[in-house]
Amino acid sequence: MLRAVLFDLDDTLIDWSGWGGNYQARNREHIEAVLASLPANGRQPPFLDLNQRQLESLLHNLPHDGWQEPDLDEVEQDYIRRTERAWAVGRSNLRAPHLGDILVDTLAAAGVPDSLLQRDALLQAVPWGMYPGVVCFPDAPPAMELLRERGIRLGLVTNAHQPMRLRDRELEACGLLDFMPDCRLSAADVGWLKPHPRIFRRALELLEVEPQEAVFVGDNPVADIAGAQNVGMRGVLRSGRQDTAMLAGLIEPDGRIQSLAELPALLDDWYPGWR
């Protein structure tokens, strides 16, 4: 009996193929915004009406409660190094990096006082959202609507180092947030990266279903398909840019689709009468 379908996020529900930006520019934007959020002389500075050049000038020259604003380029490079290092460690032991921890460590090394290093406040200042060129796959809302109408519980598990409250901004922009009220998991919040079984088991617990009652849909053969299969779920591969392992015969998904519009027919074969 089919009771739940879980989805990966990036390149499964939202399409990053049209994003033409670069990660260094994005990291600089994040660091600028986080530094700008720190209180100056005990009050919140009115940065919202400043253009980027004015903001950079203010960041470099404004004293913050007795501490000197660090060099933005140096902070940015340290932030990038720490992010890359955290992901390298995570890929080796599957312990998930956390954006908040990286921000705290980066700013602490830059000399920002401990009193200003509140992880939740720093995360709130990160300008996360839908980036230019990133869009919701048009097949996602109707597929999820059909599943919900048939009483299927829906969930999400993403290998993100951002906490889910940041990634929820994208889901809301895509009109997908309300489809998954009970189970939206970021690796950063759980502490483990897919394909570690703990993150999948946590999702099943939240949805109150057994592995054989759930299907996982994702675009990564290792993280999504092997991870789901390892805990007893069926894994459906949304074919995309990460098919190398599957094509080499190392991982065999239970099903393959090019579009989420193909998912209901696949479920018909496995769970006759689910709809």
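Everything discussed here concerns the structure shown above.
Residues numbered from 1 in each chain as written. Predicted model: local features only at pLDDT ≥ 70, side-chain atom pairs only at ≥ 80, totals over all residues. Heavy atoms only, no water.

**Q** Explain the overall build of the protein to me, please; I cannot follow it from the model alone.
**A** Check the secondary structure of the protein and you find twelve helices and eight strands. Within the protein, buried positions represent 53% of all 275 residues. Residue pairs in contact within the protein that sit at least 24 positions apart in sequence constitute 67% of those at least 6 positions apart. Of the roughly 12700 Å² of accessible surface on the protein, a fraction of 48% belongs to carbon and sulfur atoms. (Helix = DSSP H or I, 4+ residues; strand = E, 2+ residues; numbered from the N terminus. Buried < 20%, exposed > 50% of the residue type's maximum accessible area, 1.4 Å probe, protein only. Contact = heavy atoms within 4.5 Å. Areas by Shrake-Rupley, 256 points an atom, 1.4 Å probe, with all protein chains shown as cover.)

**Q** Which parts of the structure should I look at to understand the sheet that holds strand 6 (residues 214-218)?
**A** Where strands meet in a sheet, backbone hydrogen bonds hold them as pairs that are either parallel or antiparallel. The six strands lie next to each other as 5-4-1-6-7-8, forming an open sheet whose pairing is parallel. With one partner strand each, in any of the chains shown, strand 5 (184-186) and strand 8 (255-257) form the two edges of the open sheet. With direction set aside, neighbouring strand axes in the sheet form an average angle of 20°. Relative to the sheet, helix 9 (residues 197-207) contacts strand 1 (4-7), strand 4 (153-158), strand 5 and strand 6, its axis offset from that of strand 4 by approximately 155°. (Pairing = 2+ DSSP bridges. Axes fitted to C-alpha atoms, helices over the stretch in contact; angles between N-to-C directions.)

**Q** Just to check I follow, could you spell out helix 12 (residues 263-270) for this structure?
**A** Count 3.6 residues to each turn of an α-helix, and residues three or four apart come out pointing the same way. For helix 12, every residue scored as buried is listed here: Leu263, Pro264, Leu266, Leu267 and Trp270. One side of helix 12 carries all its buried residues, which in axial view fall inside an arc of 160°. Where helix 12 is buried, its residues touch strand 1, helix 6 (140-149), strand 6, strand 7 (234-238) and strand 8. (Arc of directions from axis to C-beta.)

**Q** I keep staring at the packing of aromatic side chains and nothing clicks. Help me out?
**A** In this description, a pair of aromatic rings is defined by centroid distance and the angle of the planes. What the rule picks out here adds up to five aromatic pairs. Judged by centre distance (5.5 Å) and plane angle (70°), the rings of Trp128 and Tyr131 are edge-to-face. When the centroid spacing of 5.3 Å and the interplanar angle of 75° are considered together, the rings of Phe200 and Phe216 count as edge-to-face. Here Phe200, found in helix 9, pairs with Phe216, found in strand 6; they are 16 residues apart in sequence, far enough to count as distant. This pair shows no difference in class: Phe200 is buried, exactly as Phe216 is. Over the ring of Trp192 we find Arg95; its NZ or CZ atom is 4.2 Å from the centre of that ring. Between Arg234 and the ring centre of Tyr271, over which it is positioned, the NZ or CZ distance is 5.4 Å. (Phe/Tyr/Trp six-rings, centres within 6.5 Å; stacked < 30°, edge-to-face > 60°. Lys NZ or Arg CZ within 6 Å of the ring centre and 35° of its normal.)

**Q** Would you take a moment to explain the pattern of salt bridges for this structure?
**A** Charged atoms that come close allow side chains of opposite charge to pair. Per the counting criterion, the structure on display carries 21 salt bridges. One salt bridge connects Glu213 with Arg3, and the closest N-O pair in it is separated by 3.2 Å. Here the residue Glu213 occupies a position in the loop between helix 9 and strand 6, and Arg3 occupies one in the segment before strand 1, the gap between them amounting to 210 residues. A relative accessible area of 29% places Arg3 in the partly exposed class. The partner of Glu205 in a salt bridge is Arg202, with the nearest N and O atoms 3.4 Å apart. Here Arg202 and Glu205 lie together in helix 9, a separation of three residues that amounts to about one turn. Through salt bridges that share partners, Arg28, Glu32, Asp73 and Glu76 make up one connected network. (Salt bridge = Lys/Arg side-chain N within 4 Å of Asp/Glu carboxyl O.)

**Q** What should I look at first to understand the pairing of strand 4 in this one?
**A** Each regular strand carries side chains that alternate between the two faces of the sheet. Most of strand 4 is tucked away, with five of its six residues classed as buried. Taken together, strand 4, helix 7 (residues 164-174) and strand 5 constitute a β-α-β crossover, and its handedness is right-handed. (Right-handed = clockwise from strand over helix to strand, strands pointing away.)

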